[in-house]
Each structure stands twice: as C-alpha cells, then as structure tokens.
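Examining the three-dimensional arrangement
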Amino acid sequence: MTAAQDRPFPTVAELEAQEARLVLPHFGYDDAWALGGLLVELSREREAPVAIDIRRGGQQLFHCALPGSSVDNDAWIDRKRRVVERYGASSFLVGSRFRAKGSTFEDSSRLDPDLYAAHGGSFPIIVRGAGVIGTVTVSGLPQEEDHALVVEALERTLAGSSGS
C-alpha cells in the first residue's frame with residue numbers, strides 16, 4: 001500500500017540513533033501545543049485517521065482525535081505510552097529489541113498485553129540535561145507509519161528550535 005510497507009523496519013541501531021538525535025532544548029506547554037498542532041497538520045494533509053497524545057510527566061498536555069480514529073486508538077495510545085514510560089525508549093525500539101533477540105515483547109516482557117504494547121507510535125520527549133520528561137504518541141496507522149509521523153514532527157520541531 002505505501003512505500004513504508006515495502007521497506008523493512010528500521011534497525012535497532014537506526015532507532016537508537018533517532019533517539020540520540022531528537023533531544024529538545026526545552027519542552028513546556030507551548031511546545032506541546034506547537035508539536036501537537038504540527039502533528040495534526042501533517043495528519044490532515046495525509047488524511048491519516050489518527051489520535052495524537054502528548055504528555056509531560058503524568059499530565060496530558062495535548063490530545064486530538066481526527067476523523068476515522070476511534071476509542072481503540074486511545075487504548076493503543078495508553079498501551080504504547082506505558083512502554084515508553086517503563087523503558088525510557090520509543091515503543092518501536094523496545095519491540096525491535098525483543099525481535100532482534102528472536103522473541104517478541106508479548107512473549108518475553110512478562111507485562112500484561114492489555115496494558116503494554118511495544119508497537120511503533122510512542123516516542124520519548126527527551127530534553128537536554130533532563131532526560132525523558134514525557135511522551136508523544138500517535139495511533140491509527142501501521143506501527144512503522146505511526147512512528148515515522150512522530151519522528152518527522154520531532155525533527156521539524158528540533159529544526160525550528162535550533163539556537164534556543
């Protein structure tokens with residue numbers, strides 16, 4: 001269907017490099033609003049039926065459900081976000097690490113699959129000097145596309161904040 005589905009998943013090393021590169025200088029309420037707005041804009045351009053969630057600590061700073069999304073997307077957001085909160089790495093990277101060891105997250109993590117999903121789409125919000133302070137999550141597309149959408153928005157956000 002899409003070019004992303006024709007390519008293999010990114011490697012563990014590629015996913016780790018994304019996280020090392022996507023470190024923000026700061027992240028507050030206005031930053032969450034801007035990142036959320038950018039994700040909505042990108043999703044609308046692509047007619048992507050997604051839900052978007054941004055959190056700092058335990059506080060939800062942004063949430064939007066676009067046409068075609070459902071309550072199931074909110075449940076996926078919660079499950080993917082919990083993986084990031086527990087492991088401090090993107091949900092796609094966590095799942096990829098298990099796959100690289102010849103297993104699956106579901107079989108080897110010993111975590112309840114009703115509460116945790118190591119599927120692409122949730123990414124840690126990493127702030128220079130502070131580490132992981134929150135999450136940004138998209139649900140509604142195939143996992144590699146959810147992940148790629150978040151990465152694209154974070155790359156644009158970082159490019160726009162250079163020099164901050």
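About the thresholds
- Residues numbered from 1 in each chain as written.
- Predicted model: local features only at pLDDT ≥ 70, side-chain atom pairs only at ≥ 80, totals over all residues.
- Heavy atoms only, no water.
- Phe/Tyr/Trp six-rings, centres within 6.5 Å; stacked < 30°, edge-to-face > 60°.
- Helix = DSSP H or I, 4+ residues; strand = E, 2+ residues; numbered from the N terminus.
- Buried < 20%, exposed > 50% of the residue type's maximum accessible area, 1.4 Å probe, protein only.
- Lys NZ or Arg CZ within 6 Å of the ring centre and 35° of its normal.
- Pairing = 2+ DSSP bridges.
- Salt bridge = Lys/Arg side-chain N within 4 Å of Asp/Glu carboxyl O.

Now for the packing of aromatic side chains. Summed over all chains, the structure comprises four aromatic pairs. Seen in terms of ring centroids, Y87 and F105 are 6.1 Å apart; in terms of plane orientation they differ by 65°. Their pairing is edge-to-face. Taken together, the positions of Y87 in helix α4 (residues 71–87) and F105 in helix α6 (residues 105–108) put the pair 18 residues apart, joining distant regions of the chain. With a relative accessible area of 35%, Y87 lands in the partly exposed category. An aromatic cluster is built from Y87, F98 and F105, whose rings are joined through pairwise contacts. In this arrangement the basic side chain of R56 is found over the ring face of Y29, its NZ or CZ atom lying 4.6 Å from the centre. Above the plane of the ring of W76 lies R79, whose end atom (NZ or CZ) is 4.3 Å from the centre.

As a further point, take the pairing of strand β2 (residues 51–56). Burial analysis of β2 places five of its six residues in the buried class, the great majority of the element. Relative to strand β3 (residues 59–65), β2 runs antiparallel, the two sharing six bridges. Pairing of A51 across the sheet is with A65, part of β3. The hairpin turn running from β2 into β3, its antiparallel successor, is two residues long, and G57 in that turn takes a positive phi close to 60°. Looking at chain direction, β2 and strand β5 (residues 131–139) are connected through six bridges and run antiparallel.

What follows deals with the pattern of salt bridges. Should the charged atoms of two oppositely charged side chains come close, the side chains can pair. Inspection of every chain in the model, using the stated rule, returns eight salt bridges. The partner of R97 in a salt bridge is E16, and the shortest N-O contact between them spans 2.9 Å. Taken as a pair, R97 in helix α5 (residues 91–100) and E16 in helix α2 (residues 12–21) lie far apart in primary sequence, 81 residues in all. Residue R97 is classed as partly exposed on the basis of its relative accessible area of 33%. The class for E16 is partly exposed, based on a relative accessible area of 34%.

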